[in-house]
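Secondary and tertiary structure notes
Spelled out, the chains give:
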Amino acid sequence: MIEKGKNYLVMGLLNRDSIAWKVGELIEELGGHVIYTVLNERMKKIFLDRDFKKVDPEKLEKLDIRFCDVTIEEEVKDLFDSIDNLGGVVHSIAYADPKTLLGAEIHTNDFEGLKNSYHISCASLSTVVQYAQPKMEGGGSVVAMTFQSDIAFPGYNWMGVNKAALEALTRALARRQGKNLIRVNAVSAGPVATMAGTKIPGFAQLAELWETSSPLPWDPVAAKEDVAGTVVYLLGQYSKMISGQTIFVDGGASSVGGFLLDYEKFEG
Ligand SMILES: NC(=O)c1ccc[n+]([C@@H]2O[C@H](COP(=O)([O-])OP(=O)(O)OC[C@H]3O[C@@H](n4cnc5c(N)ncnc54)[C@H](O)[C@@H]3O)[C@@H](O)[C@H]2O)c1
């Protein structure tokens, strides 16, 4: 389980809808100290401050929040320089321009956008692991977030390509970091209601697809908790011989073909 008193870095907090938030809450519940990263001050103001203003502004004050743009190596380095006694890291970060890289058309000439999207959503995991490693004395665990990439989903286009690369990178990093007793895994979540999720053109259809094909009933809001549970499992000691894997938390949708027939559906 989560080691009490250790620090856990959860990267990619936007608001309380973020997967990062659910993961952080669970780590805290289990006695770990959570350090969140937000992209920058501006994003914090726009999303996090507004979000907490409505409910609990004092809670926001108490959170340990750092800023880090993962495409800027210096920021990643400075972040890890400021952290010790690290038990694990969660990379919950992705971006693709919905106008040029997602949606109805896969063909694009936005190669700058592609590079940026790949850097943020995939290659940054390598930078993060490189600088996290010396801070995880005696070993640790890194978990990245992915979405099923062995088949093509409508509208997911270049993010699907990024996720396939991210899963490959997870394996390569697991191979590289085993000698440091650092494990690197990915959690492949079904569609969950977050800012990044709902920005995907066709997200509603994707969620509908899960409703009609997932053997276990899939709720894009409630499932976030289950996704977080598996992330925390991968951070902790009960998974200490698991590395380089992509673990699906998708209600079983990735393991079946076609739609569920009427007699196969959950009846509540
Ligand atoms: N929502 C879903 O349906 C779903 C499903 C499977 C996997 N995922 C993955 O989960 C992860 C978290 O996404 P989420 O759904 O919680 O959405 P989210 O929008 O809450 O989180 C995405 C985060 O990425 C951050 N980010 C973007 N560019 C960055 C940069 N250059 N440096 C640092 N941070 C940057 C954003 O600021 C944001 O905090 C992503 O990898 C996403 O692809 C999401």
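Relevant structure appears above.
Residues numbered from 1 in each chain as written. Predicted model: local features only at pLDDT ≥ 70, side-chain atom pairs only at ≥ 80, totals over all residues.

1. Regarding the overall build of the protein
Of the regular secondary structure elements, the protein holds nine helices and seven strands. Its C-alpha atoms give the protein a radius of gyration of 18 Å, within 12% of the compact-globule value 18 Å for 268 residues. Counting across all 268 residues of the protein, residues that qualify as buried make up 43%. Within the protein, contacts between residues at least 6 apart in sequence are counted, and of these 78% link residues at least 24 apart. (Helix = DSSP H or I, 4+ residues; strand = E, 2+ residues; numbered from the N terminus. Rg over C-alpha atoms; globule rule 2.2 N^0.38 Å. Buried ≥ 20, exposed ≤ 12 C-beta atoms within 10 Å, placed from the backbone. Contact = placed C-beta atoms within 7 Å.)

2. Some details on unusual backbone geometry
Although it is not a glycine, Asn85 sits at a positive phi angle of roughly 50 degrees. Topologically, Asn85 is positioned in the loop between helix 4 (73-81) and strand 4 (86-91). Judged by C-beta crowding, with 12 C-beta atoms within 10 Å, Asn85 ranks as exposed. With phi around 30 degrees, Asn157 is a residue other than glycine that occupies positive phi space. Residue Asn157 is classed as buried on the basis of its 24 C-beta neighbours within 10 Å.

3. A word on the site of the ligand
Around the ligand, the surrounding shell holds 27 residues, and the nearest of these are Ser18, Met145, Thr194, Ala196 and Gly197. Those elements that provide at least two residues to the shell around the ligand are helix 1 (19-29), strand 5 (140-146) and helix 7 (195-198). Of the residues forming the shell around the ligand, the biggest block, three residues, is contributed by helix 7. Tallied by class, the residues present in the shell around the ligand amount to 19 nonpolar, seven polar and one charged. (Near = placed C-beta within 6 Å. Nonpolar A, V, L, I, M, F, W, Y, C, P; charged D, E, K, R; others polar.)

4. Examining the sheet that holds strand 4
Spatially, the seven strands line up as an open sheet ordered 3-2-1-4-5-6-7, and their pairing is parallel. Each of the sheet's edge strands pairs with one partner strand only, and the pair in question is strand 3 (64-67) and strand 7 (246-249). Taking each pair of neighbouring strands and ignoring which way they run, the sheet shows an average axis angle of 20 degrees. Direction of pairing for strand 5 relative to strand 6 (residues 182-189): parallel, over a ladder of seven bridges. The residue bridging Val142 from the neighbouring strand is Val184, located in strand 6. Strands strand 1 (7-11), strand 4, strand 5 and strand 6 of the sheet are contacted by helix 5 (residues 111-132), whose axis makes an angle of about 170 degrees with strand 4. Strands in contact with helix 6 (residues 157-177) are strand 5, strand 6 and strand 7; relative to strand 6, the strand with the most contacts, it is inclined by about 160 degrees. (Pairing = 2+ DSSP bridges. Axes fitted to C-alpha atoms, helices over the stretch in contact; angles between N-to-C directions.)

5. Quick word on the nonpolar core
Ranked by internal contacts, the top residues of the largest apolar core, which has 72 residues, are Val10, Val23, Val187, Val227, Val231 and Val232. When residues of this core are assigned to their parent elements, the largest contribution, eight residues, is made by helix 9 (residues 223-235). The residues touching Val187, leaving out its near neighbours within four places in the chain, are Val143, Met145, Thr146, Val227, Thr230, Val231, Leu234, Ile247 and Val249. (Core = buried A, V, L, I, M, F, W, Y, C linked by C-beta atoms within 7 Å.)

6. Comments concerning the environment of Val142
Assignment of secondary structure puts Val142 in strand 5. Exposure remark for Val142: the 27 C-beta atoms within 10 Å place this residue in the buried category. It is 16 Å that separates the C-alpha atoms of Val142 and Phe248, two residues lying 106 residues apart in sequence. Aside from chain neighbours lying at most four places away, what touches Val142 is Gly88, Val89, His91, Val129, Ala132, Ile182 and Val184.

7. Looking at the environment of Gly190
Relative to the elements of secondary structure, Gly190 occurs in the loop between strand 6 and helix 7. You can call Gly190 buried: it has 26 C-beta atoms within 10 Å. For the pair Gly190 and Gly88, spaced 102 residues apart in sequence, the C-alpha separation works out to 23 Å.

Keep in mind these values describe shape, not function.
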